[in-house]
Each structure stands twice: as structure tokens, then as C-alpha cells.
Amino acid sequence: MLEFFGPYSINGSIEVPGDKSISHRSIILSSIAKGKVEIDNFLFSEDCLNTLKILKKIGTQCVVSGNSILIQGNGITGFNEPDDILYVGNSGTSIRLLSGLLCGCSFMSVISGDKSVNNRPMDRIINPLRAMGAKIYGRYDNKKAPLVIFGKNKLRGIKHDIDVPSAQVKSCLAIAALFAEGTTEIIQPEVSRDHTERMLEYFGADIKYDGKHTIIVPGKHLIGKDIFVPGDFSSAAFFIIAGLILKKSKILIKDVGINQTRSYLLDVLKKMNANIEIKNERIKNNEKIADIISCSSKLKSVNVKKEAIPNIIDEIPILCVAAAFADGITTIRGAKELRLKESDRIKSISNEFKKAGIIVKEYSDGLEIHGSHDAEIKHPARLKSYGDHRIAMSLAIMALKGNRKVSICNTKCVDTSFPGFEKKLLDLIKK
Ligand code: S3P
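Every value quoted in this text rests on a predicted model; they were computed, and no experiment measured them.

The rules behind these values
- Residues numbered from 1 in each chain as written.
- Predicted model: local features only at pLDDT ≥ 70, side-chain atom pairs only at ≥ 80, totals over all residues.
- Heavy atoms only, no water.
- Phe/Tyr/Trp six-rings, centres within 6.5 Å; stacked < 30°, edge-to-face > 60°.
- Lys NZ or Arg CZ within 6 Å of the ring centre and 35° of its normal.
- Pairing = 2+ DSSP bridges.
- Helix = DSSP H or I, 4+ residues; strand = E, 2+ residues; numbered from the N terminus.
- Contact = heavy atoms within 4.5 Å.
- Axes fitted to C-alpha atoms, helices over the stretch in contact; angles between N-to-C directions.
- Domains from an automatic or database assignment.
- Buried area = accessible area lost by both parts, 1.4 Å probe.

**So, the packing of aromatic side chains**
Here is step 1 of the chain: Enumeration according to the criterion identifies eight aromatic pairs in this entry.
Here is step 2 of the chain: Among the aromatic residues, those joined into a ring-pair cluster are Phe 238, Phe 239, Phe 418 and Phe 421.
Here is step 3 of the chain: Sitting over the face of the ring of Tyr 140, Lys 144 holds its NZ or CZ atom 5.4 Å from the ring centroid.
Here is step 4 of the chain: Above the plane of the ring of Tyr 363 lies Arg 333, whose end atom (NZ or CZ) is 3.7 Å from the centre.

**Here's the deal with the sheet that holds strand 21 (residues 366-371)**
Backbone-to-backbone hydrogen bonds join strands into a sheet, with any given pair of strands oriented parallel or antiparallel.
Here is step 1 of the chain: On the basis of which strands lie adjacent, the open sheet formed by four strands has the order 18-19-21-20 and mixed pairing. The open sheet has two edge strands, strand 18 (303-304) and strand 20 (359-363), and neither has a second partner.
Here is step 2 of the chain: Helix-sheet contacts for helix 10 (residues 316-324) involve strand 18, strand 19 (328-332) and strand 21, and the interaxial angle to strand 21 is about 25°.

**Thoughts on the domain arrangement of the protein**
Here is step 1 of the chain: As far as domains go, the protein holds domain 1 (2-17 + 231-430) and domain 2 (20-228).
Here is step 2 of the chain: Counting residues at the interface gives 27 residues for domain 1, matched by 29 residues for domain 2.
Here is step 3 of the chain: Between domain 1 and domain 2 the total buried area reaches about 2,500 Å² when both faces are included, carbon and sulfur atoms providing 46% of it.
Here is step 4 of the chain: On the domain 1 side of the contact with domain 2, Asn 285, Asn 286 and Thr 416 bury the most area, a combined 24% of that side's loss.

**Some points on the sheet that holds strand 3 (residues 34-40)**
Here is step 1 of the chain: On the basis of which strands lie adjacent, the open sheet formed by four strands has the order 4-5-3-14 and mixed pairing. At either end of the open sheet lies a strand with only one pairing partner, and these are strand 4 (61-65) and strand 14 (227-228).
Here is step 2 of the chain: Two elements, strand 3 and strand 14, share two bridges in a ladder whose sense is parallel. Counted as the bridge partner of Ile 39 is Ile 227 from strand 14.

If you want it as C-alpha cells, here you go:
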């Protein structure tokens, strides 16, 4: 449980843990590549550790030292049949990306997750993987996990139009494509995060990508190269917003990944009148990194455009917190995917914001938030996280604005993506 009795200010400088999406991809793609890869600043969170455990169960050799990992990749034929069920816990990224890999291997596997993962849609990967010739089966008429994979079939490349933009689906197919015969072409209705494409390119794959279009030609060995995992922009977002909404605040967040397909929140916040500075921009292993400074601001409301939703999807809960303390009505529509995340995030936000006295309207595909720069949480509140890490951390930042006791229950889930969040926050806030 987290508990705050504010209001607080936040000042100082921090580094946030490594990017979750890049950490998953770094160990998966290094395992498929040939050679040794040293991965620095890997995110040792529950989600990424579940991916690592599964890779070890199918034969990947790895050595952990401090916050880095050394992976010995053995190429696409270097995996063995696991002797047990592969368990991803709460991680949608693990189950979707690893299913692409397992379909390309020559053995049987069963992959499963916790209650939340086993309730999330898997037909979005099962259908195209079957079109590639994979033998993959799921519960509920092939819609949900656990998934059973008979990886004996040779896969073939396909052209696939994804109806809902999703980096997880695109990456699943891109990984399966490495094991296939013939070219795979993936087309999406909107641009989603492109870390898989960037890392495949960095490892020398035959890949072309341009916004909504990704083409992979298999056959070329991936050659592993060392990786520095940038700080996770989605984790930085909690501190960026804290800096903006709290009075007398200034916070510097160092070495954050600002890949264009991830950092659209910065554009939205600029439209909201946010006082944010980006410094020291540079490229490391094909990913853009920078330092971000965020200061107290008089925010105003914004309308988020539908096309940008995939580039801000994980930051919407914390953007809603910014909206609650921005003058005017903020609308976020075209975001029904939010209902299919670790919790139904539209419902989670709407329920808990109402408990804190904020006016929220819930739509099937989004939210409307009535905010005010001078808003405060004026009565004690006991809020729920729904076991969803991003809801828990967003509510914690909102609680800093309270001048009453605000508690957030069931916050163990924060370890999914941001171990050490509470300590970092407590070290920087002051009454
Ligand atoms: C992720 C992609 C996004 C995001 C998730 C991580 C990834 O999901 O919400 O937290 O690492 O590819 P979708 O691709 O399903 O939108």
C-alpha cells in the first residue's frame, strides 16, 4: 500500500529503470542471434524476468551481473523443448513475442500467464501465425491463453494487415518471420512502437520499415551486438507529470529513451502548456536518448487525436492525472484498446478519479476529464490499483496533490515495470 498526505513539491534528479519493451526484445533477439551480447541497464522487473526464465527453459545461456546480462545466442536452431509449462505472469509482451519464436521452433510448448494475461485477446496473434502455417491453439476457441504450440511445421512468410495497431502483434509476426520461408509483410492502420524493427536492423537483419509498413526477408543470420537499454519513457512519464502538476517543482530525468513512436506524450504536454526541456539528445544502438527537465506549469486541457493513441497508449493513465490538474475539459477518444490492458484502464481511471472527487465521463473508447489547475483532493480517499502497475503509479502521483490522506491499495504490481518506484518518489518529494 502507498499512502500520501500532501500537498508536496518534487525536486532533484533521477534515472528511471531500463525500458521494458526494449529489455524484452534485447534478450529475445539476442537469443535468436549468433554470438555474445552484453545488455547493460536491463530492466530486472517481474515482466522481463519472466521472459528471461522462459528463454533459459528453452536453452538460452545467460549470465547476470549487476544490472547487465550476458546472452550467448545460438541462432534460430539453438532452442530445446522445455520440460514444463512456460509461465509469463502478468506480461502480455512476453506471451505475444515468445509465441512468435516458439512457433518457429521444432518442439511442443505450452505458454500461460496470470488471470489478467489469460483473459486478454490472443486471437490477434493466433490467426496470423496460423496463416503462416503454425500449429497454435488457445482456450476459448483459439482466442485466449494458455496456448499450445506444436512447432514442427515450417512457417511461410505472409502479407498481413493488422486491424488494431499493436507493436506486440507486429513483433510476434516479425520474430516468426525470421524462422519462415519467404518474405513477411506487416501493414498497420497506425504507427506503433518500432523497437523490434530497430533492433533487428542493428543486428543486421534484412528488414525494411517505414511507419505503418514492415517487411522482413528471412535467411540472413542475426549478429548480436552489445545493447544499452535506455531509461523507460513510460516510467519517466510519472515523474515528468509530477514535476508539472506540483507547485515549486523541477525535476531532471536522465538517459530516457525518446524514440518517436513512444514519446508522443511530450507533444501532447507541450500543447497543454507544459514547461519541459529536452537536452543532450543522442543515439545509442539505434534508439534516441535524452535528458528531460520538467517544471511546475499552468496546464490547460487538450484533445488527443485518435491516430496518436498507439504512441501514447501506456501513458494515458498518467496523462489523465495531468488533465485533472489542467484548466478545461480534456478528451481522449479512439482508445478502446485501453480496456484490454493489464486492467480495463478506462474503467479503473474513471472509478478511482471519481472517488478522489474529479469529474470524469467514461466512453466506450475513451475518457473526458474535467480539470482545474487549482484542483485539490479535498477529502480522504482509499483508491484501488486493480493489480495494474500503471494505474497504481498514476494514482500515487495524483495523491501527491491531496491535502488529505490518500492511500492506494494493492501496489505490489508496481514491480511489473518499475521496481524501486516508491523509494525514488519518496526521496524527491517534500511537503
Ligand atoms: C508493448 C506494446 C504495447 C504496450 C505494452 C508494451 C510492447 O501493447 O501497451 O505495454 O512492448 O510491444 P500493444 O502493442 O498491444 O498495443
